[in-house]
Amino acid sequence: MDRRPLTRRWTMALASLAVATAASLAPAQAQESVKVGVLISYSGISALGGVSADNVIKLFQKTYGSTPGGKTLEFIRRDTTGPNPDVARRLAQELIVREKVQVLIGPDFTPNVLAIAPLVTEAKVPAIVTGAATHGIIGEKSPYYLRTFFSIPQTVRPLAQWAAKSGIKKVVIVVADYGPGQDAEATFSKTFSEAGGTITGVVKVPVRSPEFSGYMQRIKDAGADAAFVFMPIGELSLGFLKAYSDAGLKNTPLKLLTTGDVPDESTLDAAGDAALGVVSAGHYSPSHDSAANKAFVASYQQEFGKSPRISMTHATIWDAMQVLYAGLQAQSGQKFDPDRFVAAVRGMAFESPRGPISIDKLNGDIVQNAYIRRVERRDGQLQNIEFDLIKDVSPR
Ligand code: PHB
């Protein structure tokens, strides 16, 4: 008799349904060991990402077994420490040359992705990018890159269209001044202007030690109906929300529109009321209403508790594991081959906790839904509540 508690069996059964590709994995006899490098942030401005990733990898292996395609997996972790291309390059070199990893999960941050592109290409190491969002950096920079995070236009274009449709006429843009921030500025400006809106100012904030309070007067003076903000998940997003609220901007008619990174659940509780009412376009909310997500949230919380909260990073790593398992399963009983791995997963579709996703056949980037959400307090907790949906958005 199966003695596992009923809720556990139920969530496991649902989770099994959720991942069609991985669900068919038989616990085949392991013939080969595949080394997987995990190259993400365990410290720095997005330090929570590493812990989340480790938990999700454990949960995935517990759910689907640890020998996809008959291969034993060995995970080797390194800390990018944030957007630090020199560190990322040194660690990628170490993972690839010394540790001989055959697949990478990561890196995070656009500058790191750009820095190691030549290394993964030369060594033919498929790398599933989990925390960088600039468009044009995946298949375009290396044929071995895949992505399960999101691309800036995939988020920002739907948000700018929603803003124009919602009667917002004038917007001030506030971005972290590096790759994805510049991408966000260009995409929002173009889309919103084409829809008849006006950009009244652009504020660029340095990624290193920004003093947010100094920018608030400029945002006020821009005379806009709304501010559109991109900051990476973590300390910068939290710092912005606090400064915005402390400067009294929350109590003015100025609306706050952001990418999903700003009110990410990893910092939402720390932001507190400063985040209430923020409208964002994003790809994953733990309150997303689907059977696959309910199973994911229940089994994660059963294993690791309710704090820190489940967030976009969790969904991204879960999907990186789906891609990893599907690619290895496609060469079941054969020796690991990086080109066949990439060819197999390009074009594949998965059911993710965030909804349906697929890997673009042409460049390995992700195709997914964008959701427009608002931060509300529900059941005593701040949550990103989805209220509009744009299906199957291209990453380009
Ligand atoms: C990026 O560096 O491209 C990046 C990092 C974290 C985010 C979004 C984008 O939350």
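Small disclaimer: the values here were computed from a predicted structure and weren't measured.

### A few points about the domain arrangement of the protein chain
In step 1: Considered domain by domain, the protein chain is made up of domain 1 (4–150 + 288–364) and domain 2 (153–282 + 371–393).
In step 2: Of note, the centres of domain 1 and domain 2, computed from C-alpha atoms alone, are 28 Å apart.
In step 3: Every contact between the two is made by 22 residues of domain 1 and, on the other side, 25 residues of domain 2.
In step 4: Where domain 1 abuts domain 2, roughly 1800 Å² becomes buried across the two surfaces, and 53% of that area is made up of carbon and sulfur atoms.
In step 5: Contact with domain 2 buries surface across domain 1, with Ile45, Phe150 and Arg309 losing the most and accounting together for 39% of the total.
In step 6: Connecting domain 1 to domain 2 are 1 salt bridge.
In step 7: The closest approach of N and O atoms between Arg309 and Asp269, which form a salt bridge, is 2.8 Å.

### Some remarks on helix H5 (residues 110–123)
In step 1: Relative to the 20 Å expected for 14 residues at 1.5 Å per residue, H5 spans 20 Å between its end C-alpha atoms, a close match to the ideal helical length.
In step 2: Remark: the principal bend of H5, roughly 45°, maps to Ile116, with a proline, Pro118, within the next four residues.
In step 3: Among all positions in H5, only Thr110, Asn112, Val113, Ala115, Ile116, Ala117 and Val120 are buried.
In step 4: Residues of H5 that are buried make contact with strand S1 (32–40), helix H4 (85–98), strand S3 (103–105), strand S4 (127–129), strand S5 (145–147) and helix H7 (179–194).
In step 5: Just downstream of H5, Lys124 is the residue with a positive phi angle, here 55°.

### A few points about the pairing of strand S2 (residues 71–79)
In step 1: Alignment of S1 against S2, held across 9 bridges, turns out to be parallel. In the strand pairing of S2, Ile40 is matched with Asp79.

### Quick look at the packing of aromatic side chains
In step 1: Taken as a whole, this structure holds 15 aromatic pairs when the rule is applied.
In step 2: Both rings, one in Phe60 and one in Tyr64, keep their centres 4.9 Å apart while their planes meet at 50°; by these two values the pair is tilted. Placement of the pair is Phe60 and Tyr64 together in helix H3 (residues 48–64), with a separation of 4 residues, close to one helical turn.
In step 3: Taken together, a centroid distance of 4.4 Å and an interplanar angle of 10° make the contact between Phe188 and Phe228 stacked.

### Some words on unusual backbone geometry
In step 1: Going from Gly106 to Pro107, the amide bond is cis rather than trans, its omega being 0°.
In step 2: Inspection of the secondary structure puts Pro107 in the loop between S3 and H5.
In step 3: Residues Ser307 and Pro308 are joined by a peptide bond in cis, for which omega reads -5°.
In step 4: With respect to the element layout, Pro308 can be found in the loop between helix H11 (291–304) and helix H12 (312–329).
In step 5: Phi is positive for Ser209, which is not a glycine, with a value near 40°.
In step 6: Tracing the sequence through the fold places Ser209 in the loop between strand S7 (198–205) and helix H8 (213–221).
In step 7: For Ser209, a relative accessible area of 71% corresponds to the exposed category.

### Structural notes on the site of the ligand
In step 1: In the vicinity of the ligand there are 13 residues, among which Thr110, Ala133, Tyr178, Ile233 and Asp261 approach most closely.
In step 2: Within the side chain of Thr110, one N or O atom sits 2.5 Å away from an oxygen atom of the ligand.
In step 3: One of the backbone N or O atoms of Ala133 is found 2.8 Å from an oxygen atom in the ligand.
In step 4: Compared with its free state, where it exposes 280 Å², the ligand has 97% of that area covered by protein.
In step 5: In the shell around the ligand, the residues fall into 9 nonpolar, 3 polar and 1 charged.
In step 6: A domain split of the shell around the ligand shows at least three residues from each of domain 1 (4–150 + 288–364) and domain 2 (153–282 + 371–393).

Analysis parameters
- Residues numbered from 1 in each chain as written.
- Predicted model: local features only at pLDDT ≥ 70, side-chain atom pairs only at ≥ 80, totals over all residues.
- Heavy atoms only, no water.
- Domains from an automatic or database assignment.
- Contact = heavy atoms within 4.5 Å.
- Buried area = accessible area lost by both parts, 1.4 Å probe.
- Salt bridge = Lys/Arg side-chain N within 4 Å of Asp/Glu carboxyl O.
- Helix = DSSP H or I, 4+ residues; strand = E, 2+ residues; numbered from the N terminus.
- Expected span 1.5 Å × (residues − 1).
- Bend = angle between axes of the 7 residues up to and from the residue.
- Buried < 20%, exposed > 50% of the residue type's maximum accessible area, 1.4 Å probe, protein only.
- Pairing = 2+ DSSP bridges.
- Phe/Tyr/Trp six-rings, centres within 6.5 Å; stacked < 30°, edge-to-face > 60°.
- Near = heavy atom within 4 Å.
- Polar contact = N/O pair within 3.5 Å; in protein donor to acceptor, adjacent residues only side chain to side chain.
- Areas by Shrake-Rupley, 256 points an atom, 1.4 Å probe, with all protein chains shown as cover.
- Nonpolar A, V, L, I, M, F, W, Y, C, P; charged D, E, K, R; others polar.

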